[in-house]
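# Chains, contacts and geometry: an overview
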Amino acid sequence: VKMVRAFLGVRVMRKPGVFPAHKMALMRSWSALSVRSWSALSVPLKKVGLREVSSASKDTTLLQQRFLELMDLADERLGASILFATDEWFAVAKNMLKPGAPTFDPDAFCTEGKVMDGWESRRRRSAGHDWCIIQLGMAGSIHGLEIDTAWFTGNQVPAVRVLAAEVEPSALRLVPMRSTLGTRGSAASYGEIESANEAAEKAAEWVELLPITRLRPGYIESSVHYFEVAAEHASRRFTHLRVNAHPDGGIARLRAWGTVARDYERELAFGAVGKIDLVSAINGGRAIGCSNRHYGEPRNLLRLERGANMGEGWETARNPNRPAQIETDIATGLVHMPGVCDWCVLRLCAVGEGIEEVVIDTQHYKGNFPESVLVEATFAPVASSASLLQKSRNTQDDSQDEAEDEPITWWELLPRTKLGPDAEHRFGPSELAELPGRVTHMRLSIFPDGGIMRFRAFGKAVAPLSPS
């Protein structure tokens, strides 16, 4: 370890800085060894209630799979924001809310020091610890947390605690913003910290989602931490998070995986708001599974804004079962490939009916759009995800190994229809079939594979759909 450190430069590993490009090749192999050394040499913290990450972030693969069905309520694209942060000397807190992966430029420095993509406070030399308050983009139930310390290899927050609260809109003004919030090289005064802390305490009751828990350094192989929220808290509605950094340091990203919690009578019901997008994520729609997610997640389909690039949609790998030579069915004009397609299943925000418009957007997909698409619907309010994902095709979802429920009956809403590249396709009443009843889920099948940016289905919300 000493020899490798000598080659890479020990100061570089303590605080990422400038180092020759040829040394980057050793980063991956050295980082795994360094993580093990850090764990072995660290003196266990004695504070009561501190959890090691190994126990708090267990079953990582299972949690990753569960989070794929959920939405990041702390995403800045939803409107999430930082209301207060004690210290933003090296990097500002709002960086934690970025949707993309953290980046690192070894040559980037500023007046305050090394430029980092995350929230990093100065080395604390006074009593207390750093903290910030996040206003979620949408109020909702939080089922899990994802905390990434990427690139903070010797300057990560050693331990973190996360609390949540439902704050009434009228109480938002009780948390004062400091004038320099969001400015690198700035920090709150002692008086501002005391005032903000007192206001936050008075605004709501704060619930502990994650007790104080140790974090690993931000090496590539182990920077991401997954935490499941206890069931008694996952069913509650929250609007704000408080993130405590014990005592200081850096966090690259924080994601609050959950479901949007809308007030059905005021915000969804047809009688109150008219027809809405029944699958939109901001209304509470979500993707529960798919056959393939090689290049993009199906939950991206439900976002409100159009995508900036094709990395922000749902895109599958090239289907390995497509024929060696493509042929066209003369009768339909569609490519002839029986049983060759990819698909995803979407859960509506409420029980719906009267679907009068479907929008399928292939924006940015110019050489990889699907040849055609089929849209189906079903009414299955109490069906398990395993039953809804049953389909006689290969899938990447592990949750559907066994389905004990009755088979799901799917009705055709939009028959298999050709799509074009980089275009928003709208289908109205003349193209859509009249469904035999109410619906709770939709299945989108693409032939044979490819990418779709957004999917929307406008209709009436006629009854609340119980959380599952």
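For the structure, see preceding data.
About the cut-offs
- Residues numbered from 1 in each chain as written.
- Predicted model: local features only at pLDDT ≥ 70, side-chain atom pairs only at ≥ 80, totals over all residues.
- Heavy atoms only, no water.
- Buried < 20%, exposed > 50% of the residue type's maximum accessible area, 1.4 Å probe, protein only.
- Helix = DSSP H or I, 4+ residues; strand = E, 2+ residues; numbered from the N terminus.
- Contact = heavy atoms within 4.5 Å.
- Pairing = 2+ DSSP bridges.
- Phe/Tyr/Trp six-rings, centres within 6.5 Å; stacked < 30°, edge-to-face > 60°.
- Lys NZ or Arg CZ within 6 Å of the ring centre and 35° of its normal.
- Core = buried A, V, L, I, M, F, W, Y, C linked by side-chain atoms within 4.5 Å.
- Salt bridge = Lys/Arg side-chain N within 4 Å of Asp/Glu carboxyl O.

### Here we look at helix α5 (residues 60–67)
Burial in α5 covers these residues: L63, Q65 and F67. At its buried positions, α5 is contacted by β7 (130–148), β11 (224–228) and β14 (253–260).

### What about the pairing of strand β16 (residues 286–290)?
On any regular strand, side chains alternate: one points to one face of the sheet, the next to the other face. Summarising burial for β16: five of the five residues are buried, a large majority. Bridge count between β16 and strand β18 (residues 342–361): four bridges; the pairing is antiparallel. Within the sheet, the bridge partner assigned to C290 lies in β18 and is C344.

### Quick word on the packing of aromatic side chains
Under the defined criterion, the tally for this structure stands at four aromatic pairs. When the ring of F67 is compared with that of Y226, the centres are 6.1 Å apart and the planes differ by 50°; the resulting orientation is tilted. Pair noted here: F67 is in helix α5 and Y226 is in strand β11, with a separation of 159 residues, a long-range link. Here F67 and Y226 have matching classes, each one buried. With centroids separated by 5.1 Å and ring planes inclined at 35°, the aromatic side chains of F84 and W131 adopt a geometry described as tilted. Here the residue F84 occupies a position in strand β2 (residues 81–85), and W131 occupies one in strand β7, the gap between them amounting to 47 residues. The residues F84 and W131 share a single accessibility class, namely buried. In textbook terms, an aromatic cluster arises when at least three aromatic residues are bridged by ring pairs, as seen for F67, Y226 and W257. One Lys or Arg, R242, reaches over the ring of W131 and ends 3.9 Å from the middle of that ring. The residue whose ring lies beneath K460 is F270, and the NZ or CZ to ring-centre distance is 4.9 Å.

### Concerning the nonpolar core
Core analysis: the largest hydrophobic core is formed by 75 residues, its most contacted members being I142, L241, I360, L444 and F455. For this core, the element with the highest residue contribution is β18, accounting for eight residues. Apart from residues lying up to four places away in sequence, I142 is in contact with L73, L136, L209, V229, A234, R236, F238, L241, A256, W257 and G258. By size, the runner-up hydrophobic cluster in this structure holds 15 residues, among which are L83, I133, A196 and A200.

### Quick word on unusual backbone geometry
Following H246, the chain continues to P247 via a peptide bond in cis, the omega torsion being -5°. Within the fold, P247 resides in the loop between β12 (238–246) and β13 (250–251). Geometrically, the link from F447 to P448 is a cis peptide bond, its omega value of -15° lying close to zero. With phi around 45°, D422 is a residue other than glycine that occupies positive phi space. By secondary structure assignment, the location of D422 is in the loop between β20 (411–418) and β21 (424–427).

### Looking at the pattern of salt bridges
Applying the stated rule across the entire model yields 28 salt bridges. Put simply, R286 and E69 hold a salt bridge, and the shortest N to O gap is 3.4 Å. You can see R286 sitting in strand β16 and its partner E69 sitting in the loop between α5 and β1 (71–72), a full 217 residues away along the chain. E69 matches R286 in its accessibility class, with the two residues each being buried.

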